[in-house]
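# Observations on chain architecture
Residues per chain are reported as follows:
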There are 2 protein chains.
Amino acid sequence: MTTVLSPDELEAKLRGVGATRYHNLHRFHRALHDGKLDRTQVQAWALNRYYYQAQIPAKDATLLARLPTPELRREWRRRIEDHDGSAPGEGGVARWLKLTDGLGLSRDYVTSLEGLLPTTRFAVEAYVHFVRDRSILEAIASSLTELFSPTIISERVSGMLRHYDFVSEETLAYFTPRLTQAPRDSDFALDYVRTHATTAEQQAAVVAALEFKCNVLWSMLDALDYSYVLGYRGPGVFAGPETPGAFAS
Amino acid sequence: MTTVLSPDELEAKLRGVGATRYHNLHRFHRALHDGKLDRTQVQAWALNRYYYQAQIPAKDATLLARLPTPELRREWRRRIEDHDGSAPGEGGVARWLKLTDGLGLSRDYVTSLEGLLPTTRFAVEAYVHFVRDRSILEAIASSLTELFSPTIISERVSGMLRHYDFVSEETLAYFTPRLTQAPRDSDFALDYVRTHATTAEQQAAVVAALEFKCNVLWSMLDALDYSYVLGYRGPGVFAGPETPGAFAS
């Protein structure tokens, strides 16, 4: 990329990254929403994905601390409000725990992170570090996977409700607000990137940031698939029914 | 762990971590040294492991910067000297490149990190960040996988020479000095940990640090196995013979 793209060309390039690298293309995602997984496999997914959800406010706060204007900070602060809520039991992190509750997992176990796959931990922390260490432009661009998330959420919710009798609408409460929050957030981020990535170098950096973020999500599904579908679990991770302390009594 | 262990008990506990979590137990390692891999799979291993080798001096330098005495810094500086050498072509990183040369990979491609598995990148960077961000005691303890490496190196060298006609003793030159460097380094680190981990909390932290490091190495082999043995390669990574620029001409 040595020539400068127009904002529309840049947007098309970013959408192309999603079309080839977003994790809706991963075979674990397909298995999840096609009802091919058993209860332990869905539990493993929710447990590991919890760590991602729980770190999102940390990721957003590290960017918030670097944003230069009240306008930008207000916009970004709303993301933290969405995830943390304004009272106990509210917000996206609490709603994700309703999902792990609904799947029978103990909250103490889930929040202890004890049974987490090491690859989940490394991928999620790579995301937090990326947002902390890179330019504001790259940090904002890395959130652009939300451009593609309404599709995956609809697929996931309808597929999971249809196929799994251990999943209810209430359990999936996390996803409903995301259908409106994600487009609002990604509209802002996309507009910011279209406006501020004006050199060829900046444009290459925002494309790379979105690829990086797709890799984070993809790597998490690789590890779930390897460990829980193909069955090559490493030492010390969540192992289904025989895991002490993993289940609500 | 609420009672304080004696130094010998602590050492036994650390050796127990190696006996259950070191990556010589991983099925990809077994396949590698049993001659079950094809040339592309061995290339993928060497290519991904290159990034680990290349980041070790960064990891050691970040610790060096925090060590409080000339004695400790001299000890730790030797590790950087081992990896970087004192002239072009010397040192462990250069010797690893002889291995990737011997496997037919282009140096430009290897050092560009272009074809790296995302999980490799995240795991290696987790190690560098761990050593940068944790206590000196935990940082030193995380190097203790070297207690177990002479075994894996002997297995690897003899297994690879026996089974792969595309591997020679010269290609494997990296490993010979490690057979004396690793025990020297791990003697120092073990002695340091035995002496300085004197509270139950410190002892738990050093055990956790070694488990963390085992997870780094394990996660790297998970990703290699998933992508290159089971064949579920994600977008953009090294893909064997059809990868443009990957091979020396």
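Residues numbered from 1 in each chain as written. Chains lettered and ligands numbered in written order. Predicted model: local features only at pLDDT ≥ 70, side-chain atom pairs only at ≥ 80, totals over all residues. Heavy atoms only, no water.

Secondary structure summary: chain A contains eleven helices and zero strands in total. Starting at the N terminus and ending at the C terminus, chain A contains elements arranged as α-α-α-α-α-α-α-α-α-α-α. In terms of overall size, chain A behaves like a compact globule, its C-alpha atoms giving a radius of gyration of 18 Å where 249 residues would be expected to give roughly 18 Å. For chain A, the C-alpha atoms occupy an extent of roughly 55 × 40 × 35 Å along the three principal directions. Here chain A, with 249 residues, has 57% of them falling under the buried criterion. The contacts of chain A with a sequence gap of at least 6 include a subset with a gap of at least 24, amounting to 80%. In the form shown here, chain A has an accessible surface area of approximately 10100 Å², with 51% of it arising from carbon and sulfur atoms. (Helix = DSSP H or I, 4+ residues; strand = E, 2+ residues; numbered from the N terminus. Rg over C-alpha atoms; globule rule 2.2 N^0.38 Å. Buried < 20%, exposed > 50% of the residue type's maximum accessible area, 1.4 Å probe, protein only. Contact = heavy atoms within 4.5 Å. Areas by Shrake-Rupley, 256 points an atom, 1.4 Å probe, with all protein chains shown as cover.)

So, on to the relation of the copies chain A and chain B. Its rotation angle being 180°, the transformation that places chain A on chain B also includes 0.0 Å of axial translation and leaves an RMSD of 0.0 Å. The two molecules are tied by a two-fold rotation axis, judged by turn and shift. In terms of proximity to the rotation axis, the leading residue of chain A is phenylalanine 122 of chain A, whose C-alpha is 2.7 Å off the axis. Of all interface residues in chain A, 100% are interface residues in chain B too; the two copies therefore contact each other through one and the same surface. (Least-squares fit on C-alpha atoms with pLDDT ≥ 70 in both.)

Membership of the largest hydrophobic core comes to 158 residues, with the highest contact counts inside it found for Trp45 and Val193 of chain A together with Trp45 and Val193 of chain B. Beyond its immediate chain neighbours, meaning those up to four positions away, valine 193 of chain A contacts Leu10, Leu14, Leu137, Ile140, Ala141, Leu144 and Val206 of chain A. (Core = buried A, V, L, I, M, F, W, Y, C linked by side-chain atoms within 4.5 Å.)

Before going further, it helps to spend a moment on the pattern of salt bridges. Any two side chains of opposite charge can pair, given that their charged atoms come close. Residues and elements named next belong to chain A. Within this structure, the stated rule accounts for 32 salt bridges over all chains. Linking aspartate 225 and arginine 27 is a salt bridge whose minimum nitrogen-to-oxygen distance equals 2.6 Å. One end of the pair, aspartate 225, is in helix H11 (residues 200-229); the other, arginine 27, is in helix H2 (residues 27-33), and 198 residues separate them in sequence. Of the charged contacts, one joins arginine 79 and glutamate 146 as a salt bridge, the two residues approaching to 3.4 Å between their closest N and O atoms. In this pair, arginine 79 sits in helix H4 (residues 70-84) while glutamate 146 sits in the loop between helix H8 (136-141) and helix H9 (149-163), placing the two residues 67 residues apart along the sequence. In this structure, arginine 79 and glutamate 146 share a single accessibility class: buried. (Salt bridge = Lys/Arg side-chain N within 4 Å of Asp/Glu carboxyl O.)

Residues and elements named next belong to chain A. Inspection of every chain in the model, using the stated rule, returns 31 aromatic pairs over all chains. With a centroid separation of 6.2 Å and an interplanar angle of 50°, the aromatic rings of tyrosine 109 and phenylalanine 238 are classed as tilted. One end of the pair, tyrosine 109, is in helix H6 (residues 107-112); the other, phenylalanine 238, is in the segment after H11, and 129 residues separate them in sequence. Pair check on accessibility: tyrosine 109 and phenylalanine 238 agree, each one buried. Site record: aromatic cluster; members linked through ring pairs are Trp45, Trp96, Tyr174 and Phe175. One Lys or Arg, arginine 121, reaches over the ring of tyrosine 51 and ends 5.7 Å from the middle of that ring. (Phe/Tyr/Trp six-rings, centres within 6.5 Å; stacked < 30°, edge-to-face > 60°. Lys NZ or Arg CZ within 6 Å of the ring centre and 35° of its normal.)

Taking the numbering used here, the UniProt-annotated feature "domain: Thiaminase-2/PQQC" (unreviewed entry) corresponds to residues 13-222 of chain A. When the span residues 13-222 of chain A is considered, its composition is 74% helix and 0% strand, and the gap between its end C-alpha atoms is 25 Å. (UniProt positions renumbered as here; feature names shortened; annotations may be inferred.)

Each side of the interface is counted separately: chain A has 24 residues, and chain B has 24 residues. Both faces considered, chain A and chain B share a buried interface measuring about 2000 Å² in area, 64% of it formed by carbon and sulfur atoms. It is Phe122, Tyr226 and Pro235 of chain A in chain A that bury the most area against chain B; as a group they hold 33% of the surface buried on that side. Connecting chain A to chain B are zero salt bridges. Inspection of the chain A/chain B interface yields seven residue pairs in polar contact (both at pLDDT 80 or more). For the side of chain A that touches chain B, the secondary structure elements donating two or more residues are helix H1 (7-21), helix H7 (118-133) and H11 of chain A. No other element matches H11 of chain A, which puts eight residues into the side of chain A that touches chain B. (Buried area = accessible area lost by both parts, 1.4 Å probe. Polar contact = N/O pair within 3.5 Å; in protein donor to acceptor, adjacent residues only side chain to side chain.)

Here we come to the side chain of glutamine 41 of chain B. Residue and element names in this part refer to chain B. Relative to the assigned elements, glutamine 41 resides in helix H3 (residues 39-64). The exposure class assigned to glutamine 41 is buried, which follows from its relative accessible area of 11%. Polar side-chain contacts of glutamine 41 include one of 2.7 Å to the backbone nitrogen of aspartate 38. One polar contact links the side chain of glutamine 41 to the main-chain carbonyl oxygen of tyrosine 228, over a distance of 2.8 Å. Dropping the residues within four chain positions of it, glutamine 41 is found in contact with Phe28, Lys36, Tyr228 and Val229.

Backbone geometry follows two general trends: most residues other than glycine have a negative phi, and most peptide bonds adopt the trans configuration. Residues and elements named next belong to chain A. Positioned with a positive phi, leucine 113 is a non-glycine residue whose angle comes to about 65°. Inspection of the secondary structure puts leucine 113 in the loop between H6 and H7. Look at leucine 113 and you get buried, because its relative accessible area is 17%.

The next subject is the side chain of serine 186 of chain B. Residue and element names in this part refer to chain B. Within the secondary structure, serine 186 is located in helix H10 (residues 175-196). Serine 186 gets classed as buried once you look at its relative accessible area, which sits at 3%. Residues in contact with serine 186, not counting those within four places in the same chain, are Arg79, Leu144, Glu146 and Leu147.

Let us now look at the environment of valine 193 of chain B. Residue placement: valine 193 of chain B occurs in helix H10. The sequence separation of valine 193 of chain B and leucine 224 of chain B amounts to 31 residues, and the corresponding C-alpha distance is 32 Å.

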